[in-house]
Amino acid sequence: MDRRTFITRAGLVSAAAATGTACSSHTAPAALKVSKTNKRFGNPLPTEAQLGADGSLSKTAGIRTMYTRCFTCNNMCGLRVRIDEASDTVLKVGGNPYCEVNSGSPFPLSMPVRDSYVALAGNQGLENRATTCGKGASGVNCVDDPRRVTQVLKRAGKRGEGKWISISYEQALKEILDGGDLFGEGQVDGLRAIRQLDKPAVPGQPEFGSAANRLFATFNEEDTLRGSLYARFMRQAYGTANLVTKHAYCGAPTGIGFGIGLNPGLEPGLSDIDWDSVEYALFLGTAPGASGASLNRLGRGLADARTDRKLKYTCVDPLLRTTVANDTRGHWLPIKPGRDSAFAFALIQIMLSEGWFDAEFLSIPNAGVAKAKGEVNRANACHLVVMEKSHPDYRKLAKASDFGLGGEEPVVISDGQLVSADKAQKGELFTDASFTDANGQPVRLAASLALLKQEADRTSLSEYANACGISETEIRQVAKDLSHHGRRACVATNTGANSGDAIIMGWLIATLNTLIGAHDAKGGAIYGNGAYWGFEGNYNLGGFDGEVDTSEVINVCRAGAYEGSTEYQQKLARGDSPYPASDMWHNLVPGYAAGNAAEALTAHTNGNPYSAKALVNWRSNALYSASSINHKVEQTLADPARLPLFVAIDCYMNETNRYADYFIPDRVMFEEYAADRMWGAFNLGVVAGAPLVTPRTVKNAAGHHVCMEQFVIDLAMAMSLPGFGKGAIAAADGRKVDLLAFEDWHARYLANVAAQCSTLPAVSDEDRQWAALDYSMTPLRSRLNDVEASQVEALLSRGGYYESGERYDGDFINGGGGKLLQIYNADMAQLRHCHSGEYYPGTPVYQPNRFWNGDSWEQHWPASDYPLLFSSYKPTLRSNYSAAFDRCAELTPTNFVYLHSETAAAQGLKNGDTVRVISGNGTPAEGVVQADSGVAKGAVCVSHTFGHKQAYGADSRSIDGQVLEGLPHRGGGTAVNQMVPHDPTRPGEVSMLNDYYAGTNCRHGIPVRIEKVNA
Ligand code: SF4
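Residues numbered from 1 in each chain as written. Predicted model: local features only at pLDDT ≥ 70, side-chain atom pairs only at ≥ 80, totals over all residues. Heavy atoms only, no water.

Tallying secondary structure elements over the protein chain gives 31 helices and 42 strands in all. Against the compact-globule benchmark of 31 Å for 1015 residues, the protein chain has a radius of gyration of 29 Å, which places it among compact chains. Its C-alpha atoms put the protein chain at 90 × 75 × 70 Å along the principal axes. Per-residue burial over the protein chain gives 63% buried out of 1015 residues. Contacts spanning at least 24 positions in sequence make up 72% of the contacts within the protein chain whose residues lie at least 6 apart. For the protein chain, the computed accessible surface area is about 35000 Å², with 49% contributed by carbon and sulfur atoms. Considering the protein chain, the positive charge centre built from 96 side chains and the negative charge centre built from 109 side chains are found 5 Å apart. (Helix = DSSP H or I, 4+ residues; strand = E, 2+ residues; numbered from the N terminus. Rg over C-alpha atoms; globule rule 2.2 N^0.38 Å. Buried < 20%, exposed > 50% of the residue type's maximum accessible area, 1.4 Å probe, protein only. Contact = heavy atoms within 4.5 Å. Areas by Shrake-Rupley, 256 points an atom, 1.4 Å probe, with all protein chains shown as cover. Lys, Arg positive; Asp, Glu negative; His and termini not counted. Charge placed at Lys NZ, Arg CZ, Asp CG, Glu CD.)

We now examine the pairing of strand β9 (residues 215-218). Alternating residues of β9 divide into L215 and A217 and F216 and T218, and every residue in both groups is buried. Across 4 bridges, the pairing between β9 and strand β24 (residues 614-618) is parallel. The partner of L215 across the bridge, within β24, is A614. Note: β9 against strand β10 (residues 243-244), 2 bridges, orientation parallel. Of the residues in β10, the one forming a bridge with T218 is V244. As for the winding sense of the linkage, the β-α-β connection from β9 through helix α9 (residues 224-238) to β10 is right-handed. (Pairing = 2+ DSSP bridges. Right-handed = clockwise from strand over helix to strand, strands pointing away.)

Turning to the confidence of the model for the protein chain, a few remarks are in order. Averaged over every residue, the pLDDT of the protein chain is 92; residues scoring 70 or more account for 95%. Note that pLDDT drops below 50 for residues 1-39; the model gives that stretch 62 contacts with residues more than four away or on any other chain. (pLDDT = per-residue confidence, 0-100.)

Take V845: it is sitting in the loop between β34 (820-821) and α29 (857-860). Classification of V845 as buried rests on a relative accessible area of 13%. With sequence-adjacent residues up to four places away left out, V845 is seen in contact with F345, E455, I504 and Y997.

Let's shift gears to the sheet that holds strand β5 (residues 78-84). If you walk across this open sheet you meet the 3 strands as β4-β5-β6, and the pairing is antiparallel. Every other strand in the sheet has two partners, leaving β4 (63-69) and β6 (89-95) as the edge strands with one partner each. If you compare each strand with its neighbour and ignore which way they point, the axes differ by 30 degrees on average. (Axes fitted to C-alpha atoms, helices over the stretch in contact; angles between N-to-C directions.)

Taken together, C70, T72, C73, N75, M76, C77, C133, K135, G136, L295 and N296 make up the full set of residues near the ligand. Elements supplying a minimum of two residues to the shell around the ligand: α6 (134-137) and α11 (295-308). Class assignment for the residues of the shell around the ligand results in 6 nonpolar, 4 polar and 1 charged. (Near = heavy atom within 4 Å. Nonpolar A, V, L, I, M, F, W, Y, C, P; charged D, E, K, R; others polar.)

Covered by surrounding structure in strand β21 (residues 489-492) are A489 and V491 together with C490 and A492, the residues of both alternating faces. Bridge count between strand β12 (residues 280-284) and β21: 4 bridges; the pairing is parallel. If you follow F283 over to β21, its bridge partner there is A492.

The next thing to look at is the sheet that holds β10. The strands that make up a sheet pair up through hydrogen bonds in the backbone, lying either parallel or antiparallel. Strand order in the open sheet formed by 9 strands is β10-β9-β24-β25-β26-β7-β8-β40-β41, and the pairing between neighbours is mixed. Edge positions in the open sheet fall to β10 and β41 (962-964), since each of these has one partner strand only. Of the pairings in the sheet, the one linking strand β25 (residues 645-650) to strand β26 (residues 662-665) comprises 4 bridges and is parallel in character. What sits directly across from A648, in β26, is F663. Each of β9, β10 and β24 is contacted by helix α21 (residues 597-606), which is oriented at about 155 degrees to β9, the strand it contacts most.

Before going further, it helps to examine the packing of aromatic side chains. Under the defined criterion, the tally for this structure stands at 33 aromatic pairs. Taking the centre distance of 6.0 Å and the plane angle of 65 degrees together, the rings of F345 and Y846 count as edge-to-face. With F345 in helix α12 (residues 340-354) and Y846 in the loop between β34 and α29, the pair connects residues that are 501 residues apart, well separated along the chain. Under the relative-accessibility criterion, F345 is labelled buried at 0%. Geometry around F183 places K154 over its ring, the cationic atom sitting 5.1 Å from the centre. The positively charged end of K819 is found above the aromatic ring belonging to Y527, 4.0 Å away from the centroid. (Phe/Tyr/Trp six-rings, centres within 6.5 Å; stacked < 30°, edge-to-face > 60°. Lys NZ or Arg CZ within 6 Å of the ring centre and 35° of its normal.)

On to α12, then. End to end, α12 covers 21 Å across 15 residues, agreeing with the expected 21 Å (1.5 Å per residue, within 8%). Counting buried positions along α12 gives 13 out of 15 residues, so the element sits mostly inside the fold. Following α12 by one or two positions, G355 has its phi on the positive side, about 75 degrees. (Expected span 1.5 Å × (residues − 1).)

A few words now on the packing of helix α27 (residues 773-781) against helix α28 (residues 786-797). Direction vectors running N to C along α27 and α28 enclose 145 degrees, while the axes themselves pass 10 Å from each other. α27 and α28 meet at a crossing whose hand is right-handed. Contact residues: α27 offers L773, S776, M777, L780 and R781, while α28 offers A789, V792, E793, L796 and S797. (Left-handed = near helix turned anticlockwise from the far one by under 90°.)

Right, let's get into the nonpolar core. Core analysis: the biggest nonpolar cluster contains 129 residues, and I176, L191, Y230, F233 and F711 have the highest contact counts within it. Not counting residues up to four positions away in its chain, the partners in contact with Y230 are A217, T218, F219, L243, V616, W618, I649, M708 and V712. In terms of nonpolar packing, the next biggest core, distinct from the first, is built from 76 residues, A344, I475, A489 and I516 among them. (Core = buried A, V, L, I, M, F, W, Y, C linked by side-chain atoms within 4.5 Å.)

Take a look at the structure:
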């Protein structure tokens, strides 16, 4: 390895290279000067530009610089990319200095692109630095990865054998459409035959829609621009309701739980921390920068808060992560995996009993009083709930009309009297008493906060402490810290508590922030302002004539209310009890919790309610990524008798798509258009980009590069589906424009987005040069009018659109507020569990983890057999698919089975031992022990994203008889998700392990034991 290779692989670049510029006292010729100046460094990359001693800046000849966004993880940070024009290759990836998540102080959009490079050069470059994290920077080789799939492939052996032949795109298209005896294994239906809109998916159960649903399709919905075209084909044109994604085994549990606490109704939500003013932060199941929002933004936010404002923070996590430093105002509390709700309830018990909460805020009875007090939110803490079982409003908020006090508004106790909430100035918080309604009937009413306190007090502090493994003293200190910084405090998580109580945990976190009045407060819990979408505007990309409406169809995951099903109605008609349902339904935020790719494959394997006839798997890897997915699902995918047609669309082979019959090569992130939201950004913003280099995928007969877009467009046109082809898109000016090729969709989507971006500057010729706009606009210009083209050009010139403005309005975040925070959520309290038929709780509840049938986990997996608790986590330098980036694999080649030293000793284990992690019924996972004091006692922690033994080029494959040898370094470490056990009480051959309410997938607090593997 030469020095340049070493330096760049290690991510240790010089300050000049890091900012993308080099200092020089000469002005020309630039390219010659660079190589001479840098000779002493060995073999440096050419820089983006040369900064002269006189301050002049000149572009490096042969180097193109462009903006796009990173899709190495779902944060979608902005990127500034350096490209060698002669070789058409990506040289280096940096951060976009206009983008909030790459830079603590982003440049204003009005700054010309050239000036941004001046500001990034020299000493000022340190101050203005825009960064990418290690995994984002490692994506530099994704375009020319030798194990990338660039040809159209058809399997030449059994599914999963790794034997392929290359075929023409046209042959693949025809066979996928028309079917036939494609592999000498018997007749296979093509997509044309499967699309039977006039036949039911399940005879006699119309809620499951048409037989077209027997096409299942997976994708990563986070890619809005490309994903929206894929969804247009699958849902609206083809007509399948089974377009499924990864949320249920990713962020949905947290988002659903948060949402229950934020507003009436049941919509997901997610808060972030106001890094600019926070004084105390409590991280549950994570550490700042370890997962969730952009590492670039969090890293800078944490560093500034810790050094500039002496932020104090506590991480409650089974694992000590690198970003928690005990001597720099951070404090780590090791918690038993999956026991977060015990800790959170203990905090609530202490805070409520000590009066450590914002009583003034919580006592506000109505919007008028909130406004008069200068509040932007209010809560329903003092509103009274009907607790009388015989009352028609049982479990709902009591209405003033029922007591002759007014209309539909709630009631409160004010000055000892029951009054309409609209007429009170203040409501009492701990009322629980009997009142007489307008009919003279006694009715028990309890304040929302009283119900929460009763639940928190049902368990003793010592029991909570014992359950979570954190002492009462430590818990008390956290409660004190959290409640003694006014509103400049916040509780945060992001997927770090996905256990059986995941939904409750999200709700508890929202509740803790409510108790201290932190929502939308300066220094508290804040909510990003989102992005602009491109579905409407100059072009109608949201709908089209003749589209199939699947909005009322229950998908294969049973995403909806059981009470609306044929099964329920038939049981009622027979006079039977409708409960339990014959299988799991997802009635809590079903669109988010049950568009679940892994649950869909589970239903397929069980054939309940039906199986897929075909699967199209685009950029998705449920077999690897979904915790608790059963290995028998894999066997089903490998069996053509059970899944007749399997089509993959991807740039890489992964654990799921390796079983495909056909492989359609796709564009990597540097070859695609983008217009997405960012996680970690507070201001409204769209991160945008255009292809940076020539796509490496083969071309079809028409001369277009093969990719997802071309494939679904050609499928649709061959089947004469609506919404695709000549004149398929309606323009606002009455024209109909074509949807025939890749750019046809993206040009119009970008035009719709750019038209909303009101403060984009006009682009100058100099901007064009410095952002290589001629390169990115050439394919788009002919599809846009002059105004649209200039707006899209402006959008691409800054790599997106980033609003700025006053962050605060007094003590609150500018533009925040409008929430009616739910200590008691009456909508949640009206839902029933489909097995027990019992109501869901209206306030968070402390319960043992339960299976679908109500049995506790302990009943089936007793501590005597499984004495340890497992937790997985996302490492900082890896994403699910970055194993394909060799720099990532080199920086973190493997993971470990982390144990506390005392736990290891008790098990007779030492560092370096190979062990097997065994759960109740999952597939055991083997890994290497690392024991130290940075893990909770009794915990087993293993990071996700490793162990890709049969993916991303780690395994060998043959194409047309040529063997591509596996690259073992890409498969280092242990994969853990199939070790996570499934629910033994759910019906069917396979199942998953779910939280009790929304049915999202669990990965924490799993009872396990470990066994040493004999050498
Ligand atoms: S945080 Fe994610 S999106 Fe942002 S640079 Fe890192 S890998 Fe890319």
